[in-house]
Amino acid sequence: MARNGTLIQQVMAHVRAGIASRSYLPGTRLPSVRQQAGLLGMSVSTVVEAYERLAAEGLVVARPGAGFYVNGPVAPLALLELGPKLDRVVDPLWVSRQSLESAQTTLRPGCGWLPPDWMFEEGIRRALRAQARGPLAELTEYATPLGSPGLRQLLARRMAATGIEVSPEQVMLTESGTQAIDLVCRFLLKPGDKVLVDDPCYFNFHALLKAHQVKAVGVPYTPQGPDVQLFDKALQEHQPRLYITNAGIHNPTGAALSPLVAHRLLKLVESSDLVIVEDDIFADFENQHAPRLAAFDGLARVIQIGSFSKTISASVRCGYLAARPEWIEGLVDLKLATTFGVGRLAQDIILKTLTDSGYRKHMDLVRQRLAENMEKVAQRLRKLRVEPALVPQAGMFLWCRLPQGADAAAVARACLKDGVVLAPGNSFSQSQSAGDYLRFNVSQCADERVFAVLARALSQATAGR
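- The protein chain has the name PLP-dependent aminotransferase family protein in an unreviewed UniProt entry, where Comamonas sediminis is given as its organism.
- Here is the UniProt Sequence similarities (unreviewed entry) comment for the protein chain, exactly as written: "In the C-terminal section; belongs to the class-I pyridoxal-phosphate-dependent aminotransferase family."

Here it is as structure tokens:
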């Protein structure tokens, strides 16, 4: 038996494998505790604990005086899905599904997060230990409707560093940045409304807006921000209710909003009913803070959103939004109606991690590593005739054009067969005009196989051209 995990976990894995392979059918009595201990070379107490845990999971049932028996229906006899789902349509959720569902050995240069060993492990573990030692209420009680006062105060101070003046009472904590945007959409939109998005933009914006039955209208995004003339045209033609964009570091292009474009943009929307949702999830990756629409606007018509899944943990879910006070009241009621409350445990862990003395130094190191990788990956891609649209000043993304004749979706499918997940351009594009682009995450490109697999796929895609 493979020696992975604790001894108890090894026994549990052995029994699960027997059930999956139909060696143990429903109603079958498992080997006695002593027999199993002898067969596996484990102690009796180890096997007892493993059996009890399997019983707690409902896989086996204990019959007093008779032993443990397999519970439930016959395990389906099916081959394991050893490979990726190559037949899935390349839509806005394609990258997410491939990145999250693939095996641990899969390389993910198309995903949108840092590798586990880039995260602030020591700080997270310190926060978890401190939380475990805290009062019982911190482990069991609901959070207040707005969320942790300490974390909201900290977020207000952090936003002030980017020029956004906001009180803690204008900050509401959520389960994630995505939930924050979802709540805003529920609060302000009705089916059939129009929403402006950057083209390209973060692919999940497309999926979320589709779920709300509204129409997304793309506005081309330039290295300085949205194309102001085309933004004005879309504003007049469609009379949109929302504009959803990134603050600081744009996803997927890595561009930064210029002060001039920010001022022109806000001037255009002065006489409209447009509300701007500014997703600031990458704030801690910036070397210098780019302009925020929320700072120029004073949160009059801009809602600021963020989370910590990219810098602290995607497992400890916590996001936030900042908005004008009268909107916060309605958003809190909506949050209570749909989720009742958010996790107090996660909020407290995030607060402890952010205020850890090592967090600032950790992020300094992350920014340095990203800058080094950005240049290295750009050079490697250029050798393959994959050209970055720009080399960002910060962040993890490179938005790149493929050699003439190469289709990004086809290249991504070919690479997926070899265990490499890429992010095809049209997943990000409302107009479907980015069919020859890929987004690369430079922190996920350390393995040489990324470039070898990509080179092979590009060679096949451009053969004979």
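Digging into the pattern of salt bridges
Part 1: A full pass over the atoms with the stated rule returns 21 salt bridges.
Part 2: Between Glu270 and Lys267 there is a salt bridge whose closest N-O contact spans 3.7 Å. The burial state of Glu270 is the same as that of Lys267; both residues are exposed.
Part 3: Salt-bridge contacts for Glu326 lead to Arg324; the nearest nitrogen and oxygen are separated by 3.0 Å.
Part 4: Overall, Arg324 belongs to the partly exposed group, its relative accessible area being 26%.

So, unusual backbone geometry
Part 1: Put simply, Asp199 and Pro200 share a cis peptide bond, and its omega is 10 degrees.
Part 2: Here Pro200 is to be found in the loop between strand 4 (194-199) and helix 9 (203-211).
Part 3: A cis amide bond, omega 20 degrees, links Asn251 with the succeeding residue Pro252.
Part 4: With respect to the secondary-structure elements, Pro252 resides in the loop between strand 7 (242-246) and helix 11 (259-268).
Part 5: For Gln213, which is not glycine, the phi dihedral falls at a positive 60 degrees.
Part 6: As for its position among the elements, Gln213 is in the loop between helix 9 and strand 5 (215-222).

Concerning the sheet that holds strand 10 (residues 319-322)
Part 1: Read across the sheet, eight strands follow the order 3-10-9-8-7-4-5-6 without closing on themselves; strand pairing throughout is mixed. One side of each edge strand has no neighbouring strand; the edge strands of this open sheet are strand 3 (171-174) and strand 6 (225-226).
Part 2: Across the sheet, helix 13 (residues 325-339) touches strand 3, strand 8 (275-279), strand 9 (302-307) and strand 10, and the angle it forms with strand 3 is around 20 degrees.

Digging into the side chain of Thr46
Part 1: For Thr46, the position within the fold is in helix 3 (residues 44-57).
Part 2: Assessed through its relative accessible area of 11%, Thr46 is described here as buried.
Part 3: A distance of 2.8 Å separates a polar atom in the side chain of Thr46 from a polar atom in the side chain of Ser43.
Part 4: Excluding its chain neighbours within four sequence positions, the residues that come into contact with Thr46 are Leu7, Ile8 and Val11.

Describing the packing of aromatic side chains
Part 1: Overall, the coordinates contain twelve aromatic pairs when judged by the stated rule.
Part 2: On the basis of an interplanar angle of 65 degrees and a centroid distance of 4.9 Å, the ring pair of Tyr142 and Phe340 is categorised as edge-to-face. Pair noted here: Tyr142 is in the loop between helix 6 (136-140) and helix 7 (149-160) and Phe340 is in the loop between helix 13 and helix 14 (344-354), with a separation of 198 residues, a long-range link.
Part 3: Owing to a relative accessible area of 49%, Phe340 belongs among the partly exposed residues under this scheme.
Part 4: The structure contains a cluster of three or more aromatic residues connected by ring pairs, namely Tyr202, Phe203, Phe205, Trp399, Phe428 and Tyr437.
Part 5: Between the NZ or CZ atom of Arg380 and the centre of the ring of Phe451, over which it lies, the distance is 4.3 Å.

Examining the side chain of Ser313
Part 1: One can find Ser313 in the loop between strand 9 and strand 10.
Part 2: Assessed through its relative accessible area of 11%, Ser313 is described here as buried.
Part 3: A polar atom in the side chain of Ser313 sits 3.0 Å from the backbone nitrogen of Ser315.
Part 4: Sequence-distant contacts of Ser313, that is, excluding residues within four places in its chain, are made with Met119, Ile124 and Phe308.

Scoring rules and cut-offs
- Residues numbered from 1 in each chain as written.
- Predicted model: local features only at pLDDT ≥ 70, side-chain atom pairs only at ≥ 80, totals over all residues.
- Heavy atoms only, no water.
- UniProt positions renumbered as here; feature names shortened; annotations may be inferred.
- Salt bridge = Lys/Arg side-chain N within 4 Å of Asp/Glu carboxyl O.
- Buried < 20%, exposed > 50% of the residue type's maximum accessible area, 1.4 Å probe, protein only.
- Helix = DSSP H or I, 4+ residues; strand = E, 2+ residues; numbered from the N terminus.
- Pairing = 2+ DSSP bridges.
- Contact = heavy atoms within 4.5 Å.
- Axes fitted to C-alpha atoms, helices over the stretch in contact; angles between N-to-C directions.
- Polar contact = N/O pair within 3.5 Å; in protein donor to acceptor, adjacent residues only side chain to side chain.
- Phe/Tyr/Trp six-rings, centres within 6.5 Å; stacked < 30°, edge-to-face > 60°.
- Lys NZ or Arg CZ within 6 Å of the ring centre and 35° of its normal.

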